[in-house]
Amino acid sequence: MIKKRMLLNLDKLKIPKGKPIVFAERCKGCGLCIEYCPKQVLSFSDDYNEKGYHYPVIPPEKEGECIRCGFCRQVCPDFAIYVEDEN
Amino acid sequence: MRIGVFICHCGKNIAGVLDIKRLVEEAAKLKDVAYATDYVYLCSEPGQKEIQQKIKELELTHVVIAACSPKMHATTFARAVEEVGLNPYLLEIANIREQCSWVHHDAPEEATEKALEIIRAAVAKVSLAKPLAPITVPLTRKVLVIGGGIAGIQAALDIANGGFEVYLVERSPSLGGHMAQLSETFPTLDCSSCILTPRMVEVARHPNIHLFTYAEVKNVEGIVGQYKVTIEQKPRYVDPDKCTGCGDCAEACPVIVPNEFDQGLGARKAVYVPFPQAVPLVYTIDLEHCLNTKRLIVCEQCYHACGPKAINYLMEPKEIEIEVGAIVLATGYDLLPLEALKEYGGGIYPDVLSGLEFERLLSASGPTGGIVRRPSDGKIPKRVVFIQCAGSRDPEHGCPYCSKICCMYTAKHALLYKHAVPDGEAYVFYIDVRAAGKRYEEFVQRVMEEERIVYLRGKVSKVFQRKDKLVVWGVDTLSGMAVEIEADMVVLATAIVPSKNTADLAKLLKAPIDEFGFLNEVHPKLRPVESSAMGIYLAGAAQAPKDIPDTVSQASAAASKVLGLFSQEELSLEPIKAEVNLENCDGCAYCVDVCPFDAITLVVEEDGHKHVEVKKALCQGCGCCMATCPKEGINVAGFTLNQLKAQIHALLKEDEDD
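Note that residues are indexed from 1 along each chain, following the sequence as it is written. All chains are assigned letters beginning with A, and all ligands numbers beginning with 1, in the order in which they are written. It should be noted that, the model being predicted, local features are given only for residues of pLDDT at least 70 and side-chain atom pairs only at 80 or more, the latter also being counted only at that level, while totals for whole chains, interfaces and linings use all residues. Side-chain calculation: all heavy atoms of the structure are included, whereas hydrogens and water are not.

Asker: Please explain the overall build of chain B as it appears in this structure.
Answerer: Secondary structure assignment for chain B yields 18 helices and 34 strands. Principal-axis analysis of the C-alpha atoms gives chain B an extent of 90 × 75 × 40 Å. Here chain B holds 658 residues, and the buried ones make up 53% of them. Contacts in chain B between residues far apart in sequence, at least 24 positions, make up 68% of those at least 6 positions apart. Only DSSP runs of H or I with at least four residues qualify as helices, and only runs of E with at least two residues qualify as strands; both kinds are numbered from the N terminus onward. Relative accessible area decides the class of each residue, using a 1.4 Å probe on protein chains only: under 20% of the type maximum gives buried, over 50% gives exposed, and in between gives partly exposed. Working rule for contacts: check all heavy atoms of both residues, and any pair within 4.5 Å makes them a contact.

Asker: Hey, could you run me through the overall build of chain A in this one?
Answerer: Each helix and strand in chain A was counted, giving two helices and four strands. Starting at the N terminus, the α and β elements of chain A follow one another as β-α-β-β-α-β. Its C-alpha atoms give chain A a radius of gyration of 16 Å, more than 25% over the compact-globule value 12 Å for 87 residues. Each principal axis of the C-alpha distribution contributes one length, and for chain A these read about 50 × 30 × 20 Å. Taken across its 87 residues, chain A has 33% of its residues classed as buried. Within chain A, contacts between residues at least 6 apart in sequence are counted, and of these 62% link residues at least 24 apart. His is not counted, nor are the chain ends, whereas Lys and Arg count as positive and Asp and Glu as negative. Think of each charge as sitting on NZ of Lys, CZ of Arg, CG of Asp or CD of Glu. Computing the positive centroid from 14 side-chain charges and the negative centroid from 13, chain A places the two 11 Å apart. The globule rule used here is 2.2 Å times the number of residues to the 0.38 power, and the radius of gyration it is set against is calculated over C-alpha atoms.

Asker: Got a minute to help me understand the packing of helix α12 (residues 406-420) of chain B against helix α13 (residues 440-449) of chain B in this structure?
Answerer: Geometrically, a packed helix pair is captured by the angle between its two axes and the distance between the axes. Residues and elements named next belong to chain B. Every axis in this analysis is a line fitted to C-alpha atoms, fitted for helices over the stretch in contact. Angles between the N-to-C directions lie between 0 and 180 degrees. The contact between α12 and α13 brings their axes to 10 Å, and the two run at 35 degrees. Judged by the twist between their axes, the crossing of α12 over α13 is left-handed. From α12, Met408, Ala411, Lys412, Ala414 and Leu415 reach across to α13, where they touch Tyr440, Phe443, Val444, Arg446 and Val447. Any residue outside Ala, Val, Leu, Ile, Met, Phe, Trp, Tyr, Cys, Pro, Asp, Glu, Lys and Arg is labelled polar, Gly included; the first ten of those are nonpolar and the last four are charged. Residue composition of the contact of α12 with α13, grouped by class: eight nonpolar, no polar and two charged. Left-handed describes a crossing whose near helix is turned anticlockwise from the far helix by less than a right angle; the clockwise case is right-handed.

Asker: Honestly, the domain arrangement of chain B in this entry has me stumped. Any pointers?
Answerer: Residue and element names in this part refer to chain B. Segmenting chain B into domains produces domain 1 (3-133), domain 2 (142-234 + 317-332 + 499-565), domain 3 (248-305), domain 4 (334-497) and domain 5 (578-636). Here the C-alpha centre of domain 4 lies 30 Å away from the C-alpha centre of domain 2. Listed as interface residues are 19 residues of domain 2 and, on the opposing side, 25 residues of domain 4. What gets called buried area is simply the loss in accessible area from a 1.4 Å probe that two parts show on being joined, summed for both. Each partner contributes to the roughly 1,900 Å² buried at the junction of domain 2 and domain 4, and carbon and sulfur atoms together form 66% of this total. When the buried area of domain 2 at its contact with domain 4 is split by residue, Phe186, Pro187 and Pro545 rank highest and sum to 30% of it. The salt bridge criterion pairs a side-chain nitrogen of Lys or Arg with a carboxyl oxygen of Asp or Glu, the two atoms within 4 Å. In this structure, the connection of domain 2 to domain 4 is made through one salt bridge. The partner of aspartate 550 in a salt bridge is lysine 404, with the nearest N and O atoms 2.9 Å apart. Within 3.5 Å is the distance limit for a polar contact, defined as a pair of N or O atoms, with the added protein rule that one can donate a hydrogen and the other accept it, and that residues adjacent in sequence qualify only through two side-chain atoms. At the boundary of domain 2 and domain 4, one finds six residue pairs in polar contact (both at pLDDT 80 or more). Secondary structure elements with two or more residues in the side of domain 2 that touches domain 4: β8 (184-185) and α15 (548-565). The domain limits used here are those given by an automatic or database domain assignment.

Asker: What exactly am I supposed to notice about the packing of aromatic side chains here?
Answerer: Centre-to-centre distance and the angle between the planes together describe a pair of aromatic rings. When two rings of Phe, Tyr or Trp (its six-membered ring) have centres within 6.5 Å they constitute a pair, described as stacked for plane angles under 30 degrees, edge-to-face for angles over 60, and tilted for the intermediate range. All chains considered together, the criterion is met by 13 aromatic pairs over all chains. Here Phe23(A) and Tyr82(A) contribute two aromatic rings whose centre-to-centre distance is 5.8 Å and whose plane-to-plane angle is 20 degrees, an arrangement assigned as stacked. Taken together, the positions of Phe23(A) in the loop between β1 (18-22) and α1 (32-36) and Tyr82(A) in strand β4 (residues 81-85) put the pair 59 residues apart, joining distant regions of the chain. Considering the side-chain rings of Phe464(B) and Trp473(B), the 5.0 Å spacing of their centres and the 80 degrees angle between planes classify their relative orientation as edge-to-face. Phe464(B) gets classed as buried once you look at its relative accessible area, which sits at 17%. Through a chain of ring-to-ring contacts, the aromatic side chains of Tyr401(B), Phe516(B) and Phe518(B) assemble into a single cluster. One cation-aromatic arrangement involves Lys234(B) over Tyr214(B); the distance from NZ or CZ to the ring centre is 4.6 Å. We call a charge positioned above a ring when the Lys NZ or Arg CZ atom is no farther than 6 Å from the ring centre and deviates by at most 35 degrees from the ring normal. When the ring centre of Phe464(B) is taken as reference, the NZ or CZ atom of Lys462(B) above it lies at 5.3 Å.

Asker: Help me understand the environment of Ile285(B) in this model?
Answerer: All names here are of chain B. Relative to the assigned elements, isoleucine 285 resides in strand β16 (residues 284-285). In this structure the C-alpha to C-alpha distance between isoleucine 285 and lysine 546, which are 261 residues apart in sequence, comes to 33 Å. Excluding anything up to four places from it in sequence, isoleucine 285 contacts Tyr214, Arg236, Tyr237, Val238, Ala270, Val271, Cys290, Cys302, Ile311 and Tyr313.

Asker: What is the right way to look at helix α11 (residues 355-362) of chain B in this model?
Answerer: Residue pairs three or four apart in sequence face the same way in an α-helix, which turns once every 3.6 residues. All names here are of chain B. Counting buried residues in α11 gives eight out of eight residues, a clear majority hidden from the surface. Taken residue by residue, α11 has Gly355, Leu356, Glu357, Phe358, Glu359, Arg360, Leu361 and Leu362 as its buried positions. In the core, the buried residues of α11 are packed alongside β8, β19 (333-335), β20 (352-354), β21 (383-390), α12 and β27 (489-494).

Asker: Looking at this structure, how should I read a negative patch on the surface?
Answerer: Residue and element names in this part refer to chain B. A cluster of like negative charges, contributed by Asp19, Glu25, Asp106, Glu109 and Glu110, occupies part of the molecular surface. With respect to the helices and strands, glutamate 110 occurs in helix α6 (residues 108-126). Looking at glutamate 110, the relative accessible area reads 55%, which means it is exposed. Two joining distances apply to patches: 9 Å for like charges and 5 Å for nonpolar side chains (Val, Leu, Ile, Met, Phe, Trp, Tyr), and every residue must have over 30% relative accessible area and no salt bridge. All accessible areas in this document rest on Shrake-Rupley with a 1.4 Å probe, and a residue is counted as covered only by the protein chains that are shown.

Asker: Is there a simple way to explain the nonpolar core in this structure?
Answerer: Among soluble globular proteins, nonpolar side chains are generally buried collectively. All names here are of chain B. Counting residues in hydrophobic clusters, the biggest one holds 108 residues, and the most contacted among them are Val143, Leu144, Val229, Ile285, Ile327, Val328 and Leu329. In terms of residues, this core owes the most to one element, helix α7 (residues 150-161), which gives eight residues. In this structure, leucine 144 is in contact with Tyr167, Val169, Val217, Val229, Ile322, Val324, Ala326, Ile327 and Val328, ignoring residues within four places of it in sequence. Formed by 66 residues, the second largest nonpolar core is a distinct cluster that contains Tyr349, Ala414, Met489 and Ala541. What is meant by a nonpolar core is a set of buried Ala, Val, Leu, Ile, Met, Phe, Trp, Tyr and Cys residues, joined one to another through side-chain atoms within 4.5 Å.

Asker: Can you walk me through the packing of α6(B) against helix α18 (residues 641-651) of chain B in this structure?
Answerer: Residue and element names in this part refer to chain B. It is the contact of α6 with α18, at a shortest axis distance of 8 Å, that shows an interaxial angle of 155 degrees. The angle between the axes of α6 and α18 places the two elements in the roughly antiparallel class. In terms of crossing hand, the pair formed by α6 and α18 is right-handed. Of the residues in α18, those touching α6 at Glu117, Ile118, Arg120, Ala121, Ala124 and Lys125 are Gln643, Ala646, Gln647, Ala650 and Leu651. Within the contact of α6 with α18, the residues separate by chemical class into six nonpolar, two polar and three charged. Throughout this description, any angle smaller than 35 degrees is read as roughly parallel, any larger than 145 degrees as roughly antiparallel, any in the 65 to 115 degree range as roughly perpendicular, and the remainder as oblique.

Asker: Help me out: how do you make sense of the sheet that holds strand β17 (residues 318-324) of chain B in this one?
Answerer: Hydrogen bonds between backbone atoms are what pair the strands of a sheet, whose relative direction is either parallel or antiparallel. Residues and elements named next belong to chain B. Taking strand neighbours across the sheet as the criterion, the three strands line up as β11-β12-β17 in an open arrangement whose pairing is antiparallel. Unpaired on one side and paired on the other, β11 (215-223) and β17 mark the two borders of the sheet. Mean inter-strand twist for the sheet, computed between neighbouring axes without regard to direction, equals 20 degrees. Only strands joined by at least two bridges in the DSSP assignment are considered to pair. Relative to strand β12 (residues 226-233), β11 runs antiparallel, the two sharing eight bridges. Note on β12: the bridge partner recorded for valine 217 is isoleucine 231.

Asker: Would you mind showing me how to read the side chain of Gln154(B) here?
Answerer: Residues and elements named next belong to chain B. Among the structural elements, glutamine 154 can be located in helix α7. Relative accessible area serves as the criterion here: at 8%, glutamine 154 is assigned to the buried category. Looking at glutamine 154, its side chain comes within polar contact range of the side chain of serine 556, at 3.4 Å.

Asker: Can you walk me through the state of the cysteines in this structure?
Answerer: Covalent bonding between the sulfur atoms of two cysteines is what defines a disulfide. The disulfide criterion used throughout: a pair of cysteine sulfur atoms within 2.5 Å. Applying the stated criterion across every chain, the model contains one disulfide over all chains. The side chain of Cys191(B) participates in a disulfide bridge whose partner is Cys194(B); the two sulfur atoms lie 2.4 Å from each other. What sets the handedness of the Cys191(B) and Cys194(B) disulfide is the S-S torsion sign, and at about 80 degrees it is right-handed. Looking at the unpaired Cys76(A), the closest cysteine sulfur is the one in Cys30(A), lying at 6.2 Å. Accessibility expressed as a relative area gives 14% for Cys76(A), which makes it buried. In this structure Cys306(B) is not part of a disulfide, and its nearest cysteine sulfur, from Cys246(B), lies 6.3 Å away.

Dropping the structure here:
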């Protein structure tokens, strides 16, 4: 199998990492955060919150891909999501 | 009218073929010819004296000199006749060498007849000639230099030091060009950055240089002496006056992009400087990769990280209009893409590199900090094969020319590799080693002998992968043996091609290019830094592949040409320009459409009368207008329709009375 080239100085570059924290009970399932996440980290949960909405979750394969831009927090109309600094 | 005809022997060049005696006799019989003579070398000092003396003595009003091409000595003879008070436009050169004796040396009799026709035509033309005076046009003594590599830097500095204003335009975010990417330079092994960056800083600080980086020349109008140039400043989204170059924005940026400056071998962020020594040291947001778009700002991490608040997502492109009198083209080169060399695994195997990529691996400021590593797995290669003439000297790849620098840089690569990996082996496949330059041959010999690099004379037929090795199949033509080498890395000395957009720029400036797209000089030996488009000068690899010393020499030469041009207050131009005959012109304006230089405009008088007008400064005397005009309403001075008609009639041996 032919290997691809790697970026040789990747270890020297610092990439901001974040972790979205969701207050599921506040979510009304509008999906703005999912729509606008530039890294497409978020998707709808399978289960419902107590109001009966699907809320945003991070699927296991997207774990660690959040770049802490914080746009989800900015667009959320219900203050139901924010990002913690992971660095 | 008293025409004098002077026929030159040019030693045996002309007299060895043509019957000069007969030419003189026949020429003397032509209408209005008062005198005809011959001389062994008319261009010599005594030859010119003879012409001058006869003009005075016999009161000649017009002169025909039958000799070599006017390209050779028209200026010499024009000066000679001018010295004795004859207007130089009353002189006509009949070319009986290049167009007669040289090409018909096997048929002297017919050639003599042809020479006679050429002389007769010249006499017919000159008899209708009118005295003309050169025209003067204003000269803006400022220069535009396009390209911020070493060629552009050198030309800009030389002109600026000469006391004139320079606008230097560079497409990428930093000055430096390809030279900034190099590790060490042959044959002295000077660190490239160490000798280049002080020059870059000098450009930025020079009071006479206006530096535009991340900018492109969008439009150029006008002619030598008065070009109007539009420069487009692309938005950096970082305010250059506020940015301190601290790099906090890049640290905060979450987006990883392959760095073009590292030939894609290393990474940068979406907000970046190409390399730490960049001039100007101003960060640029690469909107193509930034998470933000023109319509939506998603991520503001750089904005929040920036202390002086230099980030401005709302910046727009800006157009800057300038006026200059001359332009230096220093647009540099690109490499033939690796993908074009599939037989060597180019673009297929990750460890087949171009010379410039290997240069980044060797560079202390490169992605690996100067440690040679394979792009596939980051391992240090223990056996490297260098293949010279990869695409060059190869008509099948469209580059039959020699790229000139590869022999030297491959020797340098092999040496630097051996210094970096002392237990490594290096093999070089070559056709021949071309090391013409001061101390170049000595350098290659040192590499071969002291560094124990194996040079194999022959071409490589194929490179392919076997497990994690690259297998190189080639031939050693000195031993006549087929060679197979299992290598960890293959470096191709890919051919040099003109940088992209050179052709578009050349078209905009009406500067000719050659069949490979390199800019063409007027004369390969005697005028190597001038384009045939007046006021356009060439520097560096945009003209042909060349190394740093040649590039710097050529850039200084171009600068000296510009300084020569700027030594005058006004520009004197040849009077061979279109002239409107108002009696015949009815304002049909066909000529307006065909003029390639936009020199003709239509004028409508108050009484409704229409006619065209020529802007003499723009007119190049090409004659398209004259050929198009149905009314004989426009003529090129010195080449009027009547003159050309008379010339053709004389050639067709028609009787002038007909």
